[in-house]
Amino acid sequence: KPLLALGDKEATLLKAINDSGKFDKIIVLLNGAMPMELGWLDEYNVDACLWFGNPGYYGLPGVVNVLKGDANPSGHTVNTFAAMSMNSPAMQNFGHFAFTFDGAPLDSTYGTNYVVYKEGIYVGYKYYETRYEDVVLDQGNAGDYDYAEEVAFPFGYGLSYTNFTWTVTDASEIEDQTIAKGEKYSVTVNVHNDGDVAGSDVVQLYAHAPYTEGGVEKAEVVLVGYAKTPVIQPGGDEEVTIEFDPYYLASYDYLGANANDHKGYELDAGAYTLYVAEDSHDRSRAIPFNSPEIIYDIDPVSENPVVNRYTDNEDKWMDSDAQLG
C-alpha cells in the first residue's frame, strides 16, 4: 500500500465503528505532517475530519477546544488532499533509481540514488487544477480524468462553525486595467459573518495567466496572496486588503519557448484573471486584467540577475534510465 494510504488496522477500526451503528457521529483526527489519502471518508460515513498536523504538547488542548466547540477553526489546507496519492505525476516519477557505471552500482560517498523531477511545475494543486481545466476546455490531452474523484479536499480548503459572505468592494486598481512592471495592485474584500458564532476567515487570491500551446509551461492558477480576518462577531463585517505583485505570477522560461530571445522570469502579453477564492478550485469571483510582455532580468526581491544554472548535464537527467558515468 502507498505510505499515504489508510492502514489495514485503521480501516478495520473504522469499519467496526461504522458497522456497529452505536455512534451518532464519526470524527476522524489526522495527526501527522503529511496530507494522506482521504478518498475513504465517505466509505465509512465519516461526519467530520480534523487535520492538526504536529501540534506538540501545547497544541493538543486547542484540538480539544475545537472538538468541544469552545474554539472556532479557521485554518485552511496548505496541501491538496488527494483521494489516491498514487495518481499524481510526482508519485509516478518517484522511484529508487541507482547511479551506475558500466552496468554496475556506483560507490559514492555522496549517495548512490537519485530522483528525476519529470513533472516540472505540475506538483500539488498546480497539477490538479491544470488538468481539470484541460477537461473543461476539451483540449484532448487530459485523458480519463474526474476532478471530484481525484481530489478529496483542494489546496486552501477550510471549514468553520459559522458561514461567511464575501463581497469585493474595491478592485479598481487592476480590474480591466493593464498592469505595469514594478507596480503592485490591491484588492479589498468585505467579509460578513452570516452565522451565530464568532470566527475568522481566510481570503485567498489566485491568478491565471494565458497559455500558448508549445509555449512557456504555466499552471492554471497560482496563489499570489491571502489575508486572514480578525475574529468577526455574528452579523459583523471586516474588510481585508490583499496586495498582488505580478512578479508572483511570472513563469520561468528556461528554454526560450516563446521565441523572444529571453530565458528567465516573464509574463506573456495577453488577458489575465484574478480570482478571490475560498480555495484553489474556486472560480466564483473573477477580476479580469491585461498585461504587456514583462521580462524580469533582475529578481526584484534579491536584486540578483536571473540566469539559468545547472543545465550543463540536463540531457543526462531527463532520462530516469540514464547510465551516468
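Because the structure is a prediction, the values reported are computed rather than measured.

What counts and how
Residues numbered from 1 in each chain as written. Predicted model: local features only at pLDDT ≥ 70, side-chain atom pairs only at ≥ 80, totals over all residues. Heavy atoms only, no water. Helix = DSSP H or I, 4+ residues; strand = E, 2+ residues; numbered from the N terminus. Buried < 20%, exposed > 50% of the residue type's maximum accessible area, 1.4 Å probe, protein only. Contact = heavy atoms within 4.5 Å. Areas by Shrake-Rupley, 256 points an atom, 1.4 Å probe, with all protein chains shown as cover. Expected span 1.5 Å × (residues − 1). Salt bridge = Lys/Arg side-chain N within 4 Å of Asp/Glu carboxyl O. Polar contact = N/O pair within 3.5 Å; in protein donor to acceptor, adjacent residues only side chain to side chain. Core = buried A, V, L, I, M, F, W, Y, C linked by side-chain atoms within 4.5 Å. Pairing = 2+ DSSP bridges. Axes fitted to C-alpha atoms, helices over the stretch in contact; angles between N-to-C directions.

The next point concerns the overall build of the protein. A tally of regular secondary structure across the protein gives 6 helices and 18 strands. Taken over 325 residues, the protein has a buried fraction of 38%. In the protein, 64% of the contacts between residues at least 6 apart in sequence involve partners at least 24 apart. Here the protein displays about 19,100 Å² of accessible surface, and carbon together with sulfur accounts for 51% of that area.

Moving on to helix α1 (residues 8-20). The first and last C-alpha atoms of α1 sit 18 Å apart over 13 residues, in line with the 18 Å expected at 1.5 Å per residue. Looking one or two places after α1, you find G21, whose phi comes out positive at around 70°.

Further remarks concern the pattern of salt bridges. For the structure on display, the rule yields 6 salt bridges. Among the salt bridges present, the one from K68 reaches D70, with a minimum N-O distance of 3.3 Å. Residue D70 is classed as exposed on the basis of its relative accessible area, which comes to 54%. With a shortest N-O distance of 3.4 Å, R285 and E278 are connected by a salt bridge. Salt bridges sharing partners connect three or more residues here, namely E278, D282 and R285.

Within the secondary structure, E173 is located in the loop between β9 (164-170) and β10 (185-193). Judged by its relative accessible area of 41%, E173 is partly exposed. Taking the C-alpha atoms as reference points, E173 and Y185, separated by 12 residues in sequence, lie 6.0 Å from one another. Setting aside its immediate chain neighbours within four residues, E173 contacts K184, Y185 and S186. Within polar-contact distance, the side chain of E173 engages the backbone nitrogen of S186 at 2.8 Å.

Our focus in this paragraph is the nonpolar core. Core analysis: the largest hydrophobic core is formed by 38 residues, its most contacted members being I174, F244 and L274. Every element with two or more residues in this core is listed here: β9, β10, β11 (202-208), β12 (222-228), β13 (237-244), β16 (270-277), β17 (286-291) and β18 (294-296). No other element matches the 5 residues that β16 contributes to this core. Once you skip the residues sitting within four places of it in the chain, I174 turns out to touch I179, Y185, V187, F244, L274, I287, P288 and F289.

Pairing within the open sheet is antiparallel, and its 3 strands lie in the order β9-β10-β13. At either margin of the open sheet sits one strand with a lone partner, and together these are β9 and β13. Adjacent strand axes in the sheet meet at a mean angle of 30° when their direction is disregarded. The pairing of β10 with β13 spans 8 bridges and is antiparallel. Opposite V189, over in β13, you have V240 as the bridge partner.

Alternating positions in strand β1 (residues 27-30) separate cleanly, V28 and L30 being buried on one face and I27 and L29 remaining unburied on the opposite face. In this sheet, strand β2 (residues 48-51) lies alongside β1 in parallel orientation, the contact comprising 4 bridges. The residue of β2 that forms the bridge with L29 is L50.

To continue, consider the pairing of β16. Within β16, 6 of the 8 residues are buried, leaving the element largely enclosed by the surrounding structure. Looking at chain direction, β11 and β16 are connected through 5 bridges and run antiparallel. Paired with Y206 across the two strands is Y275, which belongs to β16. Sheet topology note: the β16/β17 ladder contains 6 bridges and is antiparallel. What sits directly across from G270, in β17, is S291.

On to the side chain of Q204. Looking at the element boundaries, Q204 is found in strand β11. The exposure class assigned to Q204 is buried, which follows from its relative accessible area of 4%. In terms of polar contacts, Q204 uses its side chain to reach the side chain of H76, at 3.4 Å. Here the side chain of Q204 touches G156 through a polar contact of 3.0 Å, landing on its backbone oxygen. For Q204, the contacting residues outside a window of four places in its chain are H76, G156, W166, L223, G225, Y226, Y275, V276, A277, E278 and D279.

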